[in-house]
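One letter stands for each residue in the lines below.
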Amino acid sequence: MSQTLLVSDVHISADLTRVNAGFMRLLDTLPANCHRVIVLGDLFEVWVGDDFASPTLSAIEAAFKRLTARGVELLFCHGNRDFLMDAGPAGSEPFSARVGGRLMAEHEVIDLHGTPVLLMHGDQLCLDDSAYMAFRAQARSEAWQQGILSQPLEQRVQLAEFWRMQSQAANSNKPENIMDANADEVVRVLTEAHVLTLVHGHTHRPQQHAHLLADEREATRFVLGDWREAEGQAVIAWANDSGIHLEDFRF
């Protein structure tokens, strides 16, 4: 029976050695019947453009290339940390093309083993976090992105580190509830997409949720977990003919 692996919020970074090793081990030990890997955003802690290079990035790219060499389909979507993926100065090769994958839309319906499923990072569901939503609208604009990418790489790296620290400080002072998915927005996107299943990450609150649509149909939302360096733990998902199943993955 064919399987699909879904992960999110790996937050690969040079200083997260346990996470990096655990993620590459997962990729290198995928069962032979896993024919597709879907990364739902924040694969990287920061992404400053496709011209960036590092030993950590090279190792991750090599792991993905080993998968595509054996015929595994790779799908990626933007997260709130790596929204510049597949963007860069002229002449830089897009990340997804380098590893033989495809960058998905911000939200996309994919057939997962006979079931249409809406996939996204999930940050677009957090409508109650107005400050973040304002930044998201700005950061997704082409003009803003081109302004960032026109700066020297070293300056972009410094800017990304500043954003990272600023985000951590801001989140520490926000009420927990505003950083979660807005339930009405969940129902809206499911209804608009004409599906009964949604999978996303971002909130770092892995769980399976039930939502009642306006026509009384019950929909299911699967939330993937973030990869935790200290605990050596992440919540991933497997999809096959029997449905979608969350798994506590230890590394």
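Use the structure listed above.
The shown structure was predicted, so the numbers you read here are calculated from the model rather than taken from an experiment.

## Description of the overall build of the chain
No. 1: A count of helices and strands for the chain gives 7 helices and 11 strands.
No. 2: A globule of 251 residues ought to have a C-alpha radius of gyration of about 18 Å, and the chain, at 18 Å, matches this closely.
No. 3: Its C-alpha atoms give the chain principal-axis dimensions of roughly 55 × 45 × 35 Å.
No. 4: Taken across its 251 residues, the chain has 51% of its residues classed as buried.

## Focus: the pairing of strand β7 (residues 197–200)
No. 1: Both faces of β7 are covered, namely the face carrying Thr197 and Val199 and the face carrying Leu198 and His200.
No. 2: The pairing of strand β6 (residues 115–120) with β7 spans 2 bridges and is parallel. Counted as the bridge partner of Leu119 is Val199 from β7.
No. 3: Alignment of β7 against strand β9 (residues 218–223), held across 4 bridges, turns out to be parallel. Paired with Leu198 across the two strands is Arg221, which belongs to β9.

## Quick notes on the layout of surface pockets
With a probe scaled to a water molecule rolled over the atoms, the places where space remains empty come into view.
No. 1: What the second largest pocket holds in volume is close to 340 Å³.
No. 2: Forming the walls of the second largest pocket are 17 residues, and the residues nearest its centre are Ile12, Ser13, Ala14, Val46 and Phe52.
No. 3: Counting only elements with at least two residues in the lining of the second largest pocket, the list comes to α2 (55–69) and α6 (153–172).
No. 4: Residues belonging to the lining of the second largest pocket are distributed by class as follows: 10 nonpolar, 3 polar and 4 charged.

## Some thoughts on the pattern of salt bridges
No. 1: Under the criterion given, the structure shown has 19 salt bridges.
No. 2: Between Asp15 and Arg164 there is a salt bridge, with its nearest N and O atoms 3.9 Å apart. Of this pair, Asp15 sits in the loop between β1 (3–7) and α1 (17–28) while Arg164 is found in helix α6, placing the two residues 149 residues apart along the sequence.
No. 3: Note on Arg164: relative accessible area 16%, which makes it buried.
No. 4: Residues Glu108 and Arg102 are paired through a salt bridge, measuring 2.7 Å at the closest nitrogen-oxygen approach.
No. 5: When its relative accessible area of 17% is taken as the criterion, Glu108 is described as buried.

## Observations concerning α1
No. 1: With 12 residues, α1 ought to run about 16 Å at 1.5 Å a step, and its terminal C-alpha atoms sit 16 Å apart, in line with that.
No. 2: Among the residues of α1, those classed as buried are Val19, Asn20, Gly22, Phe23, Met24, Leu26 and Leu27.
No. 3: Contact partners of the buried residues in α1: β1, α2, β10 (233–240) and β11 (243–250).

## A few points about the sheet that holds β9
No. 1: As summarised here, the arrangement of the 5 strands in space is β5-β6-β7-β9-β8, forming an open sheet in which the pairing is mixed. Strands at the two margins of the open sheet, each flanked by one partner only, are β5 (107–112) and β8 (207–212). On average, each strand axis in the sheet is inclined to that of its neighbour by 25 degrees, with strand direction left out of account.
No. 2: Sheet analysis places β5 next to β6, joined by 6 bridges and oriented antiparallel. Along β6, the bridge assignment pairs Leu112 with Thr115.

## Brief notes about the sheet that holds strand β3 (residues 73–76)
No. 1: Judged by pairing direction, the sheet is mixed, and its 6 strands sit side by side in the order β4-β3-β2-β1-β10-β11 without closing on themselves. Each of the sheet's edge strands pairs with one partner strand only, and the pair in question is β4 (102–103) and β11.
No. 2: Here β10 runs beside β11; their pairing, made up of 8 bridges, is antiparallel. Bridged to Ala239 within β11 is Ile244.
No. 3: The strands touched by α1 are β1, β10 and β11; relative to β11, the strand with the most contacts, the crossing angle is about 135 degrees.
No. 4: The strands touched by α2 within the sheet are β2 (34–39) and β3, with β3 carrying the most contacts at an inclination of about 135 degrees.

## Digging into the nonpolar core
No. 1: In terms of nonpolar packing, the biggest core is built from 41 residues, with Phe23, Leu43, Phe64, Phe95 and Trp227 touching the most fellow members.
No. 2: Those elements that provide at least two residues to this core are β1, α1, β2, α2, β3, α3 (95–99), α5 (142–149) and β10.
No. 3: Not counting residues within four places of it along the chain, the set of residues in contact with Phe23 comprises Val7, Val10, Ile12, Leu43, Ile60, Phe64 and Trp227.
No. 4: Counting residues in hydrophobic clusters, the runner-up holds 16 residues, among them Leu6, Met104, Ala237 and Ile244.

What counts as what
- Residues numbered from 1 in each chain as written.
- Predicted model: local features only at pLDDT ≥ 70, side-chain atom pairs only at ≥ 80, totals over all residues.
- Heavy atoms only, no water.
- Helix = DSSP H or I, 4+ residues; strand = E, 2+ residues; numbered from the N terminus.
- Rg over C-alpha atoms; globule rule 2.2 N^0.38 Å.
- Buried < 20%, exposed > 50% of the residue type's maximum accessible area, 1.4 Å probe, protein only.
- Pairing = 2+ DSSP bridges.
- 1 Å grid on protein atoms, 1.4 Å probe; cavity = no way out; pocket = protein on both sides within 12 Å on 5 of 7 lines; lining within 4 Å.
- Points joined across faces, edges and corners; volume = space filled by probe spheres on them.
- Nonpolar A, V, L, I, M, F, W, Y, C, P; charged D, E, K, R; others polar.
- Salt bridge = Lys/Arg side-chain N within 4 Å of Asp/Glu carboxyl O.
- Expected span 1.5 Å × (residues − 1).
- Contact = heavy atoms within 4.5 Å.
- Axes fitted to C-alpha atoms, helices over the stretch in contact; angles between N-to-C directions.
- Core = buried A, V, L, I, M, F, W, Y, C linked by side-chain atoms within 4.5 Å.

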